[in-house]
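Coordinate analysis (summary)
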Amino acid sequence: MKNSLGLWLASCLVGLQLLAVMIVVTSSYVTSQRVLLNHARDLLSDVGANTAAHSRGFLNPARGAAELAARLAENEIVSSDNRQQLEQLLFQQLQTAPQFAGVYFGDEDGNFVYVQRQDSIAPFQSKIISFGADDVRETNLIWRTAQYEIVQQERDEADTYDPRVRPWYQKAKDVQTSVWTDPYIFFSSQRPGITIASPVVDRNGTIGGVIGVDIEINAVSEFLAQLKISDNGTALIVNRNADVIAHPQPELLKAKNDDGTFRFVSISEIDDPMVRKMFASDAIGDLADIQEETYSTFTHDGETYVSLVLPVISPELPWTIAVYAPESDFIGAIKRNRFSNVWIAVATAFMTGALGLILAKIIYKPIRAFAVRSSLISQGEINPSDPLPKTYKELDQANQALTDQIKRRKATESEFGQTFEMASRGMAQLDAKTGRFLRVNQQLATITGYEISELLEMTPINLTHPDDPSLNWNPANISIEDHAVDLEKRCIRKDGETIWVKVNAIMIRDNDGNALHAVATVDEITTNRAAETQINKLNRDLSHRVRGELLGQMAAGLAHELNQPLTAITQNADAAISVVKDSANPDLELVQILGDLDQQASRAADIIKALRGFARKGEEWKAPFDFDELLRQSLRLVNAEATEQGVTIKSKVYNVPAVMGIRVQIAQVLVNLMRNAIDAVATSGDNVKTIAIDAHQDGDFVKVSVTDSGPGVANPGKLFTQFETTKVEGMGLGLSICKSIVEAGGGKIWYDTEHAGGAQFCFTVPVHTN
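Everything in this summary refers to the structure shown in the same document. This structure is a prediction, so every number in the text was calculated from the model and none was measured.

Re the sheet that holds strand β16 (residues 320–326)
Taken together, the five strands give an open sheet; going across it, the order is β11-β10-β16-β15-β14, and neighbouring strands pair in antiparallel fashion. Sheet topology places β11 (244–246) and β14 (294–300) at the edges, where each strand pairs with a single neighbour. Within the sheet, the average angular offset between the axes of one strand and its neighbour, ignoring direction, is 35°. Pairing analysis gives five bridges linking strand β10 (residues 234–238) to β16, with the strands arranged antiparallel. In the strand pairing of β16, Ala 235 is matched with Val 323.

Right, here's the structure in full:
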């Protein structure tokens, strides 16, 4: 028995389609799962690295503040015996860093000066413990405003605090270098914190006292809470004692002792079962043995989790960062769709096979008619000149109709193809009354994840993210006067993923103004949103740079001012020694005294050299970069301040080439100049408040000018002088830092005295040459 050709065609079509679909579905599932799990590991690793960098950056200013205060005390720039001067220094250190909870100094005699933040009587409270000539103890409490004004002052006769018995004092004294304490719960604020202590050593190598800085580390937990790991991912920090010191839920960190004080909870007792199971894994083991990133998986309530534990941040900060997230956050969607996709593939294969069988019969019918006619002709039963079978004529007509259709389709493709179906952007035509999709291209289907046929049954509102209720693409809401729409909003793809899109829509109207239809172009800009990360990074880099430059400029300025009198002392001492030795009866004791004076002055000069070396630390390598891009990012950083002050900033960049320099430093110069301009314009009282930024190539340099509509500068002669300022609360370092940055990069900076109508600051940056 011979098999039917149509049946064979249908069976082969079903089999091949089913095999192809199964291969694609299986391969896609396996490779997607592998890629997503690898991406999950990379994501956890990035989160750990970012958390470590944030922790170091959060605590580093405290070390610098403690060591700078200690060096100032050692060199007697600030006398530790002068309680008022020392209190003022600690007060200034506390104001420079918002994460500082308190700054203090204790000496070997039990004297103690402590400045801390508090929320009761005034923003700041000072506690000064001193011993008089008769060894009489006196404790004074002073409440001050942010301007160092006294609000209230009283004595505390019951105070018995002795800094010499505190662990931070004893540890710093024993090791004679800066030390970090283990994190603990501050007694007064009941908040988690950490202390850095730095000893003050006199010229004889004797410990005279210890400078300490208390830092509240709640901000680290807040940083962890803001991290977007996945839908349900969590990051935490554990210290070397296996205590959890930072967690997105800071309320889980504290446990109350029997005496009413608080302590950190350990891994084994924290109210987070996933943390306990993660550290109970055999892959992690002892925290002290972890030398590299350690991945593991664990199961809780039937859910599989992936986790990562990093080695300690540093010997000084023996903290371990751990991250975990449910595996389903990364591959849950493809697991849920796996079986449904298989059955859909099987059903689709059989349905298309059945349609293929019908089509095969239809196609085979005229061929069979021609075969019968050929057989009859060969048998001589019909004349070859007889009319062709009707089926042939119909096939010919169908062929002619198909030819006509192809011609019309090509004409349509020629007219609309590149602007619609073949466009690289998502495009749609929408009904003017209902907003329903009338026509969409494949790119829009790709962006939204829906089939074209599915989109034609929907309106744009169906794609709206639930948190964006204002999103409404209905063309009927577009008025005649406002006939165009340009917006950025979130959409939900068919697979549930949230994406950002940019929509441009115009309403097509007839001569009477009646709406015919709307045409919209849609671009996915999800990746562009990642550019915001670069803006945030630039902002963090600028913050770190500003603090470093301020400390460096202060150190360099002090070094410069102190080096001159020390040089004069050395020269005068040498001259005095020569005069005494040349006398008839030289006084040897006087010669010895003058020699000691010369030696100590030289030793002080060496300290000054070291201080200058401190000012030069942190230099970075220059590299070429796009100045136009840097300017746009810098404008984003000051845009909020300008808007708040009602200032308009306009910029023009005339096709400048790439420049050579340290990118974050040039950004610092731009931000400093723009913020100075904003302050000047905001206080001018004028109705028109504008700032203009101009950049163009000038020979081998790019010249940048920042011009404001403010009152200008009355005495520009000392603008760039260190510690010179026209602001009430200024330190006089901003323009000095800008000058040192620009000149170190090979450019120059100046105030244009010939410009009329406001202040104009200019600087140049070298053009990058290959």
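Details of the pairing of strand β21 (residues 515–524)
Judged from the six bridges that link them, strand β17 (residues 426–431) and β21 form a sheet pairing that is antiparallel. For Met 427, the partnering residue across the bridge sits in β21 and is Thr 521. As defined by bridge partners, strand β20 (residues 498–509) adjoins β21 across nine bridges and the pair is classed as antiparallel. Bridge pairing in β21 links Ile 506 to Val 519.

Observations concerning the packing of helix α14 (residues 663–682) against helix α15 (residues 734–744)
It is the contact of α14 with α15, at a shortest axis distance of 10 Å, that shows an interaxial angle of 145°. The element α14 and its partner α15 pack so that their crossing is left-handed. Along its contact with α14, which presents Gln 665, Gln 668, Val 669, Asn 672, Leu 673 and Asn 676, the element α15 presents Gly 734, Leu 735, Ile 737, Cys 738, Ile 741 and Val 742. Here the residues of the contact of α14 with α15 sort into seven nonpolar, five polar and no charged.

Some words on the pattern of salt bridges
Tallied over the entire structure, the rule returns 15 salt bridges. A salt bridge links Asp 159 to Lys 127; its shortest N-O distance comes to 2.6 Å. Within this pair, whereas Asp 159 is found in the loop between β5 (150–155) and α3 (167–175), its partner Lys 127 is found in strand β3 (residues 124–131), the two being separated by 32 residues in sequence. Exposure class is identical for Asp 159 and Lys 127. Each is buried. Linking Arg 425 and Asp 523 is a salt bridge whose minimum nitrogen-to-oxygen distance equals 2.6 Å.

Focus: the side chain of Thr 145
Take Thr 145: it is sitting in the loop between β4 (137–144) and β5. Each residue touching Thr 145, except ones within four places of it in the same chain, is listed here: Phe 91, Pro 123, Phe 124 and Val 151.

What about the nonpolar core?
Core analysis: the biggest nonpolar cluster contains 69 residues, and Leu 236, Phe 279 and Trp 319 have the highest contact counts within it. When near neighbours in sequence (up to four residues on either side) are disregarded, Trp 319 contacts Ser 55, Leu 59, Pro 183, Ile 194, Ile 217, Ile 237, Val 238, Asn 239, Ile 245, Pro 311, Val 312 and Ile 313. Core analysis: the next-biggest nonpolar cluster, separate from the first, contains 41 residues, Val 638, Ala 667, Val 671 and Val 704 among them.

Some words on the sheet that holds strand β27 (residues 749–751)
Pairing between sheet strands relies on hydrogen bonds along the backbone, with the strands arranged either parallel or antiparallel. The sheet built from five strands is open, its strands ordered β23-β25-β26-β28-β27 with mixed pairing. Strand pairing shows two members of the sheet lacking a second neighbour, β23 (648–653) and β27, which therefore form its edges. Looking at each pair of strands side by side, their axes are set apart by 15° on average, direction ignored. Pairing of β27 with strand β28 (residues 760–766) involves three bridges; the strand directions are antiparallel. Bridged to Trp 750 within β28 is Cys 762.

A short note on the environment of Ala 576
Tracing the chain through its elements places Ala 576 in helix α11 (residues 531–582). By relative accessible area, which is 24% here, Ala 576 ends up partly exposed. Sequence-wise, Ala 576 and Gly 595 are 19 residues apart; in three dimensions their C-alpha atoms are separated by 9.5 Å.

Overview of the packing of aromatic side chains
In total, this model carries 12 aromatic pairs according to the counting rule given. Ring centres of Tyr 104 and Phe 112 lie 5.9 Å apart, and the angle between their planes is 45°; this geometry places the pair in the tilted category. Here the two residues Tyr 104 and Phe 112 agree in accessibility, since each one is buried. Ring pairing ties together the aromatic residues Tyr 104, Phe 112, Tyr 114, Tyr 161, Trp 168 and Tyr 169, which thus form one cluster. The side chain of Lys 254 reaches across the aromatic face of Phe 262, ending 5.0 Å from its centre. Just above the ring of Trp 750 sits the side chain of Lys 748; from NZ or CZ to the centre is 5.1 Å.

Reading the values: rules and limits
- Residues numbered from 1 in each chain as written.
- Predicted model: local features only at pLDDT ≥ 70, side-chain atom pairs only at ≥ 80, totals over all residues.
- Heavy atoms only, no water.
- Pairing = 2+ DSSP bridges.
- Helix = DSSP H or I, 4+ residues; strand = E, 2+ residues; numbered from the N terminus.
- Axes fitted to C-alpha atoms, helices over the stretch in contact; angles between N-to-C directions.
- Left-handed = near helix turned anticlockwise from the far one by under 90°.
- Contact = heavy atoms within 4.5 Å.
- Nonpolar A, V, L, I, M, F, W, Y, C, P; charged D, E, K, R; others polar.
- Salt bridge = Lys/Arg side-chain N within 4 Å of Asp/Glu carboxyl O.
- Buried < 20%, exposed > 50% of the residue type's maximum accessible area, 1.4 Å probe, protein only.
- Core = buried A, V, L, I, M, F, W, Y, C linked by side-chain atoms within 4.5 Å.
- Phe/Tyr/Trp six-rings, centres within 6.5 Å; stacked < 30°, edge-to-face > 60°.
- Lys NZ or Arg CZ within 6 Å of the ring centre and 35° of its normal.

Everything listed here is a matter of geometry and, on its own, says nothing about what the molecule does.
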